[in-house]
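Summary of the model geometry
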Amino acid sequence: MTPWFDPTLIFIGGAWRPCASGETLPVTDPSTGVEMARIARGGALDIDDAVAAAEAALAGDWGVMSAAERGRILLRLSHLVLNHADQLAEMEARDVGKPLKQAHNDVIALARYCEFYGGAADKLTGETIPFNAGFTVYTLREPHGVTGHIIPWNYPMQIIGRSIGAALATGNACVLKPAEEACLTALAFADLAHQAGLPAGALNVVPGLGAEAGAALTAHPAVRHLSFTGSVATGRRVQIAAAENIVPVTLELGGKSPQLVFADADLDKALPFLVNGGIQNAGQTCSAGSRILVQREIHDTLAARMAEAIGALRIAPAMDDADIGPLVSARQKGIVERFLAQASPDQILAQAPLPDGLPEGGNYIPPTLIGHIPPDHALAQDEIFGPVQVLIPFEDEEDAIRIANGTKYGLVASIWSADGGRQMRLAKRLHAGQVFLNNYGAAGGVELPFGGVGHSGHGREKGFEALYAFTTLKTVAAHHG
Ligand code: TXE
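Per chain, residues are indexed from 1 in the order of the written sequence. Totals for whole chains, interfaces and linings use all residues, but because this is a predicted model, local features are given only for residues with pLDDT of at least 70 and pairs of side-chain atoms are given and counted only at 80 or more. The side-chain quantities take in all heavy atoms of the structure and omit both hydrogens and water.

**Focus on the overall build of the protein chain**
Secondary structure follows DSSP: runs of H or I at least 4 residues long count as helices, runs of E at least 2 residues long count as strands, and numbering of each begins at the N terminus. When helices and strands are counted, the protein chain shows 16 helices and 20 strands. Only C-alpha atoms enter the radius of gyration; for comparison, a globular chain is expected to reach 2.2 Å times N to the power 0.38, where N is the number of residues. Rg of the C-alpha trace for the protein chain: 23 Å, near the compact-globule value of 23 Å for 481 residues, within the 12% margin. The principal-axis extent of the C-alpha atoms belonging to the protein chain is close to 70 × 60 × 40 Å. Classification of the 481 residues of the protein chain by burial places 57% in the buried group. The contact criterion used throughout is that any non-hydrogen atoms of two residues lie within 4.5 Å. Here the analysis covers contacts within the protein chain between residues at least 6 apart in sequence; of these, 73% occur between residues at least 24 apart. Here the protein chain has roughly 18,300 Å² of accessible surface; of this, 54% comes from carbon and sulfur atoms. Working convention for charge: Lys and Arg count positive, Asp and Glu count negative, and His plus the chain ends are omitted. A single reference atom marks each charge: NZ on Lys, CZ on Arg, CG on Asp, CD on Glu. Side chains of the protein chain give 35 positive and 50 negative charges; the mean places of these two sets differ by 4 Å. Buried means the residue's accessible area, taken with a 1.4 Å probe over protein chains only, is under 20% of the maximum for its type, while exposed means over 50%, and partly exposed covers the values in between. Only the protein chains shown count as cover for residues, and all accessible areas are computed by the Shrake-Rupley method using a 1.4 Å probe.

**Here we look at the state of the cysteines**
Cysteine sulfur atoms that come within 2.5 Å of each other are treated as a disulfide pair. Following the criterion strictly, the structure yields 0 disulfides and no others. Here Cys174 stays free of any disulfide, with the sulfur of Cys114 as its closest cysteine sulfur at 11 Å.

**Looking at the site of the ligand**
Close to the ligand lie 26 residues, the nearest being Trp153, Lys177, Glu180, Arg331 and Glu383. Polar contact is defined as a pair of N or O atoms within 3.5 Å, subject to the rule that within protein one atom must be able to donate a hydrogen and the other to accept it, and that residues adjacent in sequence are counted only when both atoms are side-chain atoms. One nitrogen or oxygen atom from the main chain of Gly210 is found 3.4 Å from an oxygen atom belonging to the ligand. For the ligand, a nitrogen atom lies 3.4 Å from a polar atom in the backbone of Ala215. For the shell around the ligand, the secondary-structure elements that each account for two or more residues are helix H8 (210–219), strand S10 (223–229), helix H9 (232–245) and helix H12 (330–340). Residues are counted as near a molecule or strand when any one of their heavy atoms sits within 4 Å of it.

**Regarding H12**
Buried within H12 are the following residues: Gln332, Gly334, Val336, Phe339 and Leu340. Those residues of H12 hidden inside the fold are in contact with strand S14 (348–351), strand S15 (368–370), helix H13 (378–381) and strand S16 (388–394).

**Focus on the sheet that holds strand S12 (residues 258–261)**
Any two strands between which DSSP finds at least two bridges are classified as paired. Taken together, the 7 strands give an open sheet; going across it, the order is S14-S15-S16-S13-S12-S17-S18, and neighbouring strands pair in mixed fashion. Each of the sheet's edge strands pairs with one partner strand only, and the pair in question is S14 and strand S18 (434–437). Averaged over all adjacent pairs, the angle separating strand axes in this sheet is 20°, with direction ignored. Against the sheet, helix H11 (residues 299–311) touches S12, strand S13 (291–295), S14, S15 and S16, its axis set at about 165° to S16. To get an axis, fit a line to the C-alpha atoms, keeping to the stretch in contact for a helix; angles then go from 0 to 180 degrees between the N-to-C directions.

**Structural notes on the nonpolar core**
What makes a nonpolar core is a set of buried Ala, Val, Leu, Ile, Met, Phe, Trp, Tyr and Cys residues whose side-chain atoms join them at distances within 4.5 Å. Counting 90 residues, the largest nonpolar core has Trp62, Leu77, Val81, Tyr117, Phe189 and Leu203 as its most contacted members. Among residues more than four places away in sequence, those in contact with Tyr117 are Leu74, Gly161, Arg162, Gly165, Ala166, Ala169, Lys462, Gly463, Ala466 and Leu467. Of all hydrophobic cores here, the second largest spans 59 residues; its members include Ile292, Leu302, Ile324 and Ile401.

**What about empty space enclosed by the protein?**
Cavities and pockets are found on a 1 Å grid laid over the protein atoms alone: a cavity is a set of points where a 1.4 Å probe fits but cannot escape, a pocket is an open set with protein on both sides within 12 Å along at least five of seven lines, and a lining residue has an atom within 4 Å of such a point. Grid points are joined across faces, edges and corners, and a volume is the space filled by probe spheres set on the points. Summed over all chains, the structure comprises 5 cavities of 30 Å³ or more. Around the largest cavity sit Gly255, Gly278, Gly283, Thr285, Cys286, Ala288, Ser290, Glu383, Ile384, Phe385, Gly386 and Val388, which together line it. Three residue categories are used. Nonpolar comprises Ala, Val, Leu, Ile, Met, Phe, Trp, Tyr, Cys and Pro, charged comprises Asp, Glu, Lys and Arg, and polar comprises the others, including Gly. Tallied by class, residues from the lining of the largest cavity come to 5 nonpolar, 6 polar and 1 charged. The volume enclosed by the second largest cavity comes to roughly 60 Å³. Split into classes, the residues belonging to the lining of the second largest cavity amount to 5 nonpolar, 5 polar and 2 charged.

**A closer look at the pattern of salt bridges**
Once their charged atoms are close, side chains differing in charge can pair, the charge on each being opposite to the other. Here a salt bridge means any side-chain nitrogen of Lys or Arg lying within 4 Å of a carboxyl oxygen belonging to Asp or Glu. Scanning the entire structure with this criterion turns up 24 salt bridges. With a shortest N-O distance of 2.9 Å, Arg112 and Glu447 are connected by a salt bridge. In this pair, Arg112 is assigned in helix H5 (residues 100–120) and Glu447 in the loop between S18 and strand S19 (457–458), connecting sequence segments 335 residues apart. Residue classification places Glu447 among the partly exposed residues on the basis of a relative accessible area of 37%. When the shortest N-O distance is used, the salt bridge between Arg162 and Glu252 registers 3.0 Å. Highlighted residues: Arg162 in helix H6 (residues 156–169) and Glu252 in strand S11 (residues 249–252), separated in sequence by 90 residues. Side by side, Arg162 and Glu252 carry an identical accessibility label, which is buried. Connected through salt bridges with shared partners, the residues Asp264, Glu397, Arg422 and Arg425 form a single ionic network.

**Description of the sheet that holds strand S5 (residues 128–129)**
With antiparallel pairing, 3 strands are arranged side by side in an open sheet as S5-S6-S20. If you trace the sheet from one side to the other, it starts and ends with S5 and strand S20 (471–479), each paired once. Strand direction decides the pairing type here: strand S6 (residues 135–143) and S20, joined by 9 bridges, are antiparallel. Paired with Glu142 across the bridge in S20 is Thr472.

**Re the packing of helix H4 (residues 85–96) against H5**
For the pair H4 and H5, the least separation of the axes is 8 Å and the interaxial angle reads 125°. In this view, H4 runs oblique relative to H5, as classed from their interaxial angle. Relative to H5, the crossing made by H4 is right-handed. Taking contact as the criterion, the partners of Ala85, Asp86, Leu88, Ala89, Glu90, Glu92 and Ala93 in H4 are, on H5, Leu100, Ala103, His104 and Val107. Of the residues in the contact of H4 with H5, the class split is 7 nonpolar, 1 polar and 3 charged. When describing relative orientation, an angle under 35 degrees is termed roughly parallel and one over 145 degrees roughly antiparallel, while 65 to 115 degrees is termed roughly perpendicular and anything else oblique. Left-handed describes a crossing whose near helix is turned anticlockwise from the far helix by less than a right angle; the clockwise case is right-handed.

**Side note on unusual backbone geometry**
The backbone phi angle of Ala282 is positive, close to 55°, even though this residue is not glycine. Relative to the assigned elements, Ala282 resides in the loop between helix H10 (267–279) and S13. Positive phi, normally seen in glycine, also occurs at Phe385, with a value near 60°. Relative to the elements of secondary structure, Phe385 occurs in the loop between H13 and S16. Residue Phe385 is classed as buried on the basis of its relative accessible area of 13%.

**As for the pairing of S16**
Of all the 7 residues making up S16, 6 are buried; the element is thus mostly covered by neighbouring parts of the structure. Direction of pairing for S13 relative to S16: parallel, over a ladder of 5 bridges. By the bridge assignment for S16, Ile292 is matched with Leu391. Here S15 pairs with S16 via 3 bridges, running parallel. Among the inter-strand pairings, Leu369 is bridged to a residue of S16, identified as Gln389.

And the structure:
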């Protein structure tokens, strides 16, 4: 698969060009370990140019474009994404190792974000405020200006859709720094946005290393909003950089999300969600349901059923479209292997064997269920970001809540139970930005506000909430006597 654009270039001011250093970085196919392309090693000079191009767009056509017209561009972009679905899905599958079907789902989600935010662009309104006699007071929702977007490698298209879609709908001009492991679909998206009629400079894409292009973007004084999805450690750096320039920041930093399974749960319905919540995208999902908390009386039954389901999972290179592909990089594989090494043999409740014939250089990890560990064990506390789940028993509601809320994270959670009262009671008490009752993930729902508490971050993306995050509110008070 050869991209229809030159991936060694960066996209600034509506045009392709080499990065200032002229250097490139390798793109490795995670399924095989073989180099498949090269991308630009953008740096501080390129970020300066990208920010200048974004400022020029705001001072030009983009800055005065009506909300309705911005929406139409996003709707055209949505169609273009769908028209290129097969190419985008294959590009992503080869680039990050996700099974082709999952990559296709990501394309559909990207198109849906463009559709949702395209439709919403001209629906965001201010309000009039009753005030003293002789005054008329109203509010205006205005774009921040230049926005910086730092994107990870696990769901590049979905995260670009939710972040760039909302920022463009509200009239910001964006500088996007994709993850060094996953730049191809970001560049493709910029090209499609250009084809859709997005004015030059409204979206600029600078691939490069986090410590170089990423750090330069977060430190740039003309960037007026930062959105970041990634690790807690880098998120902390991004927030510090934002503090230096006094700009708002949205952080989505992953989690260790619990799924609470009570003895009265419909296990037939729950089982696919319990397993898939942990292994989807080889577990490299911020909202992975990686902690299964189960009421003690059904612990052994659930352990046996999960072991059976995990044992039947198919693992293969991304383009073979099995249940699980490789992890994104040898580095990520190393992180997960180090976690797995902390489990003793009697703590491995289930592990799907890796099939014969997998390419030698691929980053494959067998899906694994771990048990017989205390809730404060590192395997039950830390984000592993691989196809590894832990199973922990609880006694009753109090115990379940104590364990569920007992990590530094709080992104999502689910409750599996037939008792409606219990669902309502516990949904209020869970530390999480989203709670699912007898389901997991709500099929991704682009309409649903998403974000965390605690070390999972702050601010909300997706849905209408994101439009508020990408605007600043101005109050106008007119005294007319
Ligand atoms: O993340 P980083 P990494 C978690 C997951 C994973 C761990 C490490 O647990 O094992 O993070 O992954 C850019 N200034 N998540 O190292 O470093 C970088 O180029 C500005 C959870 O890949 O956070 C990339 O674009 N930017 C997560 C992005 O930050 C910098 C998704 C993410 O990289 C930078 C990914 C810097 N100094 C990993 N350093 C989720 N929430 O879904 C790096 N970057």
